Amino acid sequence: MTAVLFLALTSATACAGRDAETAPQGSAMAENRRSAEGGTTEKGTIAVGEFSATPDRLPSCFHGVKGATAYRPPGSSREGRLVTLGTGPRGVVFAPISWGDACEWAAEAKRLAADGYHVVTLDWGADRRRTISDATRLLRSRGAKDVAWVGGCMGGTLMLGMLTDRTDRPAGVAGISPLASLGGYSAGNGTSYDGELLLLGTADDPLSDEKRLREVAGSFPEAEVTVLPGRRHAAEIFAGPHGTAARRSLDGFLDRTFAPADS
């Protein structure tokens, strides 16, 4: 048991460490970034539909994006920031790796928003599961009828683990380079979930290679598994030489996820 716990903690730490070094799509440590960001922060609390939130400073990676808005959920100070962009009934929540922030998935968030999706990216709050739930509630309060979750490394791992809760489930979950050891799920967890599932990674990723990815797939027998060449991890994959294939896989997952609502 001690050895298993050590390996699990090592995987989580390594996943966190990669972000600081690679920052795949403009991501940086959230606290360091905010001190240099421009823009203004409105004061007071506003209601966004049924979700009460306080306007927050927009990350610089979203400056100039029409309609992009940052919010801070109730009860948080400088953590758990949510950034929304796009509009419409098809919602997508992007979750970063362990030490990632709202900018980690900025490129994909902008692309999907331009394609008609209603997107939220996020900075982790103290309770990471609550951060994902808050992002989902924010989208639904703004008119999203269905919501898909997309998470890299720890983000995807948490999202897959949250499927054991039968309340307020998403319409689909895409785990990008999810960890095999800290998911909070076990064999058969995915059998009670009838939404769309995608597991995507690279063959030689040191943290989530093909063997580990298929180990995760054992808990989610209905998931589509996409393994691309190389060693890239989480959001890095979409910025690398096989980014086109990764986007094709993600877009196919989203098409399937929202097909009932679109038909």
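Structural notes, computed from the coordinates. This structure is a prediction, so every number in the text was calculated from the model and none was measured.

### Brief notes about the overall build of the protein chain
Here comes step 1: Along its length, the protein chain carries eight helices and 10 strands.
Here comes step 2: When contacts within the protein chain are restricted to residue pairs at least 6 apart in sequence, those whose partners lie at least 24 apart make up 68%.
Here comes step 3: Accessible area for the protein chain stands at about 11400 Å²; split by element, carbon and sulfur atoms hold 51% of it.

### As for the state of the cysteines
Here comes step 1: Going through the model one piece at a time under the given rule, you end up with one disulfide.
Here comes step 2: Paired through a disulfide, Cys-61 and Cys-103 show a sulfur-sulfur distance of 1.9 Å. Between Cys-61 and Cys-103 the disulfide shows an S-S torsion of about -90°. By sign, it is left-handed. Residue Cys-61 is located in the loop between β2 (51–56) and β3 (69–72), and its partner Cys-103 is located in the loop between β5 (90–95) and α3 (106–114); the two are separated by 42 residues in the primary sequence. Both residues of the pair, Cys-61 and Cys-103, belong to the buried class.

### Some thoughts on the pairing of β3
Here comes step 1: Pairing analysis gives three bridges linking β2 to β3, with the strands arranged antiparallel. Looking at the pairing, Pro-55 lines up with Tyr-71 of β3.
Here comes step 2: By the bridge criterion, three bridges tie β3 to strand β4 (residues 82–85) in an arrangement that is antiparallel. By the bridge assignment, Tyr-71 is partnered in β4 with Leu-82.

### Comments concerning the packing of helix α4 (residues 128–141) against helix α5 (residues 154–161)
Here comes step 1: Where α4 contacts α5, the axes come no closer than 10 Å and their chain directions differ by 80°. With respect to their mutual orientation, α4 and α5 come out roughly perpendicular. Along its contact with α4, which presents Arg-128, Arg-129 and Ile-132, the element α5 presents Met-154, Leu-158, Met-159 and Gly-161.
Here comes step 2: In the contact of α4 with α5, the residues fall into four nonpolar, one polar and two charged.

### Some points on unusual backbone geometry
Here comes step 1: Although it is not a glycine, Cys-153 adopts a positive phi angle of roughly 55°.
Here comes step 2: Along the chain, Cys-153 falls in the loop between β7 (146–152) and α5.
Here comes step 3: With a relative accessible area of 0%, Cys-153 lands in the buried category.
Here comes step 4: Phi is positive for Ser-177, which is not a glycine, with a value near 55°.
Here comes step 5: Mapped onto the elements, Ser-177 comes out in the loop between β8 (172–176) and β9 (196–202).

### Some details on the packing of aromatic side chains
Here comes step 1: On inspection of all chains with the given rule, the structure shows three aromatic pairs.
Here comes step 2: Ring centres 5.2 Å apart and planes at 25° place the aromatic pair Phe-94 and Trp-105 in the stacked group. In this pair, Phe-94 is assigned in strand β5 and Trp-105 in the loop between β5 and α3, connecting sequence segments 11 residues apart.
Here comes step 3: Overall, the relative accessible area of 1% leaves Phe-94 in the buried class.
Here comes step 4: Centroid distance Trp-105 to Phe-238: 5.4 Å. Interplanar angle 70°. Geometry classified as edge-to-face. With a gap of 133 residues between them, Trp-105 in the loop between β5 and α3 and Phe-238 in helix α7 (residues 236–239) connect regions that are remote in the sequence.
Here comes step 5: Given the relative accessible area of 1%, Trp-105 is considered buried.

### Observations regarding the nonpolar core
Here comes step 1: Val-93, Trp-149, Leu-160, Val-173 and Leu-197 are the most contacted members of the largest nonpolar core, which totals 36 residues.
Here comes step 2: Listed by contribution, the elements that provide at least two residues to this core are β2, β5, β6 (118–122), α4, β7, α5, β9 and α6 (210–217).
Here comes step 3: When near neighbours in sequence (up to four residues on either side) are disregarded, Leu-197 contacts Leu-160, Leu-163, Val-173, Phe-220, Ala-223, Glu-224 and Phe-253.

### Some thoughts on the pattern of salt bridges
Here comes step 1: Inspection of every chain in the model, using the stated rule, returns 12 salt bridges.
Here comes step 2: A salt bridge links Arg-256 to Glu-196; the shortest N-O distance between them is 3.3 Å. With Arg-256 in helix α8 (residues 243–262) and Glu-196 in strand β9, the pair connects residues that are 60 residues apart, well separated along the chain.
Here comes step 3: With relative accessibility at 30%, the residue Arg-256 sits in the partly exposed group.
Here comes step 4: Owing to a relative accessible area of 26%, Glu-196 belongs among the partly exposed residues under this scheme.

### Concerning the environment of Gly-125
Here comes step 1: In this structure, Gly-125 sits in the loop between β6 and α4.
Here comes step 2: Relative accessible area serves as the criterion here: at 12%, Gly-125 is assigned to the buried category.
Here comes step 3: Those residues within four positions of Gly-125 in sequence are excluded, and the remaining contacts are Glu-79, Gly-80 and Thr-131.

Criteria and thresholds
Residues numbered from 1 in each chain as written. Predicted model: local features only at pLDDT ≥ 70, side-chain atom pairs only at ≥ 80, totals over all residues. Heavy atoms only, no water. Helix = DSSP H or I, 4+ residues; strand = E, 2+ residues; numbered from the N terminus. Contact = heavy atoms within 4.5 Å. Areas by Shrake-Rupley, 256 points an atom, 1.4 Å probe, with all protein chains shown as cover. Disulfide = S-S within 2.5 Å. Buried < 20%, exposed > 50% of the residue type's maximum accessible area, 1.4 Å probe, protein only. Pairing = 2+ DSSP bridges. Axes fitted to C-alpha atoms, helices over the stretch in contact; angles between N-to-C directions. Parallel < 35°, antiparallel > 145°, perpendicular 65-115°, else oblique. Nonpolar A, V, L, I, M, F, W, Y, C, P; charged D, E, K, R; others polar. Phe/Tyr/Trp six-rings, centres within 6.5 Å; stacked < 30°, edge-to-face > 60°. Core = buried A, V, L, I, M, F, W, Y, C linked by side-chain atoms within 4.5 Å. Salt bridge = Lys/Arg side-chain N within 4 Å of Asp/Glu carboxyl O.

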